[in-house]
Amino acid sequence: MALQASASLLPASFSIPKEAKSSVSLKDSTLFGLSLSEPLKADFSSSALRPKRELKQRIGAVRAETVATTTPAVNKSSPEGKKTLRKGSVVITGASSGLGLATAKALAETGKWHVIMACRDYLKAARAAKSAGIAKENYTIMHLDLASLDSVRQFVDNFRRSGMPLDVLVCNAAVYLPTAKEATFTAEGFELSVGTNHLGHFLLSRLLLEDLSNSDYPSKRLIIVGSITGNTNTLAGNVPPKANLGDLRGLAGGLNGLNSSSMIDGGEFDGAKAYKDSKVCNMLTMQEFHRRFHEETGITFASLYPGCIATTGLFREHIPLFRALFPPFQKYITKGFVSEDEAGKRLAQVVSDPSLTKSGVYWSWNKASASFENQLSQEASDAEKARKVWDISEKLVGLA
Ligand code: LMG
Ligand code: NDP
Ligand code: PMR
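Residues numbered from 1 in each chain as written. Chains lettered and ligands numbered in written order. Predicted model: local features only at pLDDT ≥ 70, side-chain atom pairs only at ≥ 80, totals over all residues. Heavy atoms only, no water.

K.L.:
I'm lost on the overall build of the protein chain in this one. Help?
P.N.:
Along its length, the protein chain carries 13 helices and 11 strands. In the protein chain, once contacts between residues fewer than 6 apart in sequence are set aside, the share between residues at least 24 apart is 75%. Accessible surface, the protein chain: about 17,200 Å² in total, of which carbon and sulfur atoms supply 54%. (Helix = DSSP H or I, 4+ residues; strand = E, 2+ residues; numbered from the N terminus. Contact = heavy atoms within 4.5 Å. Areas by Shrake-Rupley, 256 points an atom, 1.4 Å probe, with all protein chains shown as cover.)

In structure tokens form, the structure reads like this:
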């Protein structure tokens, strides 16, 4: 572990800052579909100009602004006097497999993004990036274990020290433990699914909000991956065990399985339910971020259900029979199946597509693979619950 952590401090390539400085010419193309020969649209530029003082007071300590030393996002001083844009800088958690890897690949291939792969296993991430064919200059691997709040804080420090700007953060990593008989726990003693999928990401995104708001990129975004199975207004969300946060008594007790339940609602441990509950927390967190910070920061907060990517590592803990039958079941019966590639393109759209800048939205895709704003279940859109989850989570991760 120690070895892994130290190896991970070395980015795959240190040519990135150089890369980031060499602005991409948009002479013959559009940026996110926006023509840059025209002035930037109001809702893109206004956020960059808004004073940051108030936000800094609200989100805590002021730190040295590393972005001040980087190339401005939009640079008018190219030789032809054309507006140019530096590469976007996107952090993706859990980019060592499945959806995260496919998204990293899709974004890197555009040549417009530098991907920071925030992964718990450096070597696995390095091999994955290589076998996916992602060009060296388009990514950096940094160690992040979401099941340890110390690691989350360490990651934030390392990222800031790298001097790279943060334009988009994608909270993608997750664990799913459907066959576990008993709860397992994070370093701080939170049940592992909610601890990793929700609390680790909660701390990460709360800390990095400041970095995002400091970015001068035209469209800054914080994306938290949700799922249909946390939404009880769908058939998939009604397959038992169903998500249900109850009155949050287990979460308030710290999910430690000692003096409190390991489940958010205070019930008996159930790994599949814990995962679905964690996805509800993810979707609630996105909306609470939107309510608290969208106006003042201009950041787009969004969640999504990318489709059923039945072949990913998410199902690694499930029984072999399930793993064999699940993909054909989703392909031929529910028709909800999507390939990793397709799902990666969907998440990449939420990262960079100019038509998906709306904040507070839960994106889904229809049969023709066109995006639409989907309806969340009653619980997953309950503003009062979102506020309570936020407040309790702040205490658990040491922010309040
Ligand atoms: C739990 O079991 C496990 O207990 C848990 O440990 C964990 O693994 C969890 O979600 C993961 O699963 C789930 C179990 C419960 O479901 C199954 O395992 C399915 C068993 C097979 C059932 C036969 C179905 C026939 C389909 C043929 C397909 C053949 C290919 C097989 C593929 C296998 C992949 C699964 O399941 C049950 O309890 C059975 C009941 C399931 C019905 C669920 C549907 C409820 C719908 C209710 C409708 C609500 C209305 C919705 C309204 C929407 C309106 C907009
Ligand atoms: P994978 O298992 O392939 O990817 C999950 C990633 O999370 C892996 O890279 C894994 O790392 C990483 N991860 C797990 N625990 C930690 C941790 N403690 N610290 C850092 N990283 C960690 O699954 P998917 O690609 O399917 O899942 C990605 C997202 O998509 C999840 O949020 C999931 O909920 C969501 N989703 C998936 C659906 C599907 O059908 N597959 C459907 C709807 C949503 P490692 O490689 O080291 O194991
Ligand atoms: Mg589900 C339209 C139907 C649909 C869709 C889109 C999904 C997605 N599932 C659907 C239906 C059904 N599933 C039905 C009818 C059943 C009973 C046979 C069923 C069962 C089932 C199981 C046992 N489904 C599952 C499981 C899992 O273990 C997966 C899970 O719940 O992980 C938390 C799962 C999923 N089904 C999905 C999706 C996207 C998943 C997985 C992952 C996730 O939500 O992240």
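K.L.:
Honestly, the site of ligand 2 in this entry has me stumped. Any pointers?
P.N.:
Around ligand 2, a shell composed of 31 residues is seen, among which Ser96, Lys124, Asn172, Tyr275 and Thr312 lie nearest. In the model, an oxygen atom of ligand 2 is placed 2.8 Å from a nitrogen or oxygen of the lysine 279 side chain. One of the backbone nitrogen or oxygen atoms of leucine 314 is found 3.0 Å away from an oxygen atom of ligand 2. In the complex, the protein chains occlude 98% of the 890 Å² of accessible area that ligand 2 would expose alone. Elements supplying a minimum of two residues to the shell around ligand 2: α5 (98–109) and α10 (271–297). (Near = heavy atom within 4 Å. Polar contact = N/O pair within 3.5 Å; in protein donor to acceptor, adjacent residues only side chain to side chain.)

K.L.:
What am I meant to see in the packing of aromatic side chains here?
P.N.:
Given two aromatic rings, one states the distance between the centres and the angle between the planes to describe the pair. Summed over the entire model, instances satisfying the criterion amount to 12 aromatic pairs. Relative to phenylalanine 326, the ring of phenylalanine 322 lies with its centre 4.5 Å away and its plane at 25°, an arrangement referred to as stacked. Of the two residues, phenylalanine 322 and phenylalanine 326 are both situated in helix α11 (residues 320–334); the distance of four residues between them amounts to about one turn of the helix. Members of the aromatic cluster, connected to one another through ring pairs, are Tyr176, Tyr275, Phe315, Phe322 and Phe326. Over the ring of phenylalanine 337 we find lysine 331, and its NZ or CZ is 4.7 Å from the ring centre. (Phe/Tyr/Trp six-rings, centres within 6.5 Å; stacked < 30°, edge-to-face > 60°. Lys NZ or Arg CZ within 6 Å of the ring centre and 35° of its normal.)

K.L.:
I tried to follow unusual backbone geometry on my own but got confused; where do I start?
P.N.:
Both trends apply: most residues other than glycine have a negative phi, and most peptide bonds are in trans. The omega angle of the peptide bond from proline 240 to proline 241 is -5°, so this bond is cis rather than trans. Tracing the backbone shows proline 241 in the loop between β8 (221–225) and α9 (249–252). Here the phi dihedral of lysine 335 falls at roughly 60°; this positive angle occurs in a residue that is not glycine. Relative to the elements of secondary structure, lysine 335 occurs in the loop between α11 and α12 (340–352).

K.L.:
How do you make sense of the side chain of threonine 285 when you look at a structure like this?
P.N.:
For threonine 285, the position within the fold is in helix α10. Using a relative accessible area of 6% as the deciding quantity, one classes threonine 285 as buried. For threonine 285, the side chain forms a polar contact with the main-chain oxygen of cysteine 281, separated by 2.7 Å. Ignoring sequence-local partners within four residues, the contact set of threonine 285 consists of His198, Phe202, Ile224 and Trp390. (Buried < 20%, exposed > 50% of the residue type's maximum accessible area, 1.4 Å probe, protein only.)

K.L.:
Mind showing me how you'd approach helix α7 (residues 149–162) here?
P.N.:
Note that an α-helix has 3.6 residues per turn; residues three or four places apart therefore point the same way. The end-to-end C-alpha distance of α7, which contains 14 residues, comes to 20 Å, matching closely the 20 Å that a straight helix rising 1.5 Å per residue would cover. Taken as a whole, α7 has its buried residues at Leu149, Ser151, Val152, Phe155, Val156, Asn158, Phe159, Arg160 and Ser162. Close packing links the buried residues of α7 with β4 (88–93), β5 (113–119), β6 (139–143), α8 (192–214) and α13 (383–396). (Expected span 1.5 Å × (residues − 1).)

K.L.:
It is not clear to me how the site of ligand 3 should be interpreted in this structure. Could you clarify?
P.N.:
With respect to spatial proximity, 18 residues lie near ligand 3, and among them Tyr176, Ser227, Thr229, Tyr275 and Gln330 are the closest. One nitrogen or oxygen atom from the side chain of threonine 229 is found 2.4 Å from an oxygen atom belonging to ligand 3. In this structure, an oxygen atom belonging to ligand 3 sits 2.4 Å away from a side-chain N or O atom of tyrosine 275. Elements represented by at least two residues in the shell around ligand 3 include exactly α10 and α11. At five residues, α11 tops the list of elements feeding residues into the shell around ligand 3.

K.L.:
Looking at this model, I keep getting lost on a nonpolar patch on the surface. Mind explaining?
P.N.:
Together, Ile319, Leu321 and Leu325 make up an exposed nonpolar region whose accessible area comes to about 300 Å². Looking at the element boundaries, isoleucine 319 is found in the loop between β9 (300–304) and α11. (Patch = residues over 30% accessible without salt bridge, like charges linked within 9 Å, V, L, I, M, F, W, Y side chains within 5 Å. Salt bridge = Lys/Arg side-chain N within 4 Å of Asp/Glu carboxyl O.)

K.L.:
What should I look at first to understand α12 in this one?
P.N.:
For α12, built from 13 residues, the straight-helix expectation of 18 Å at 1.5 Å per residue is met to within 8% by its first-to-last C-alpha distance of 18 Å. Listed in full, the buried residues belonging to α12 are Ala343, Gly344, Arg346, Leu347, Ala348, Val350, Val351 and Ser352.

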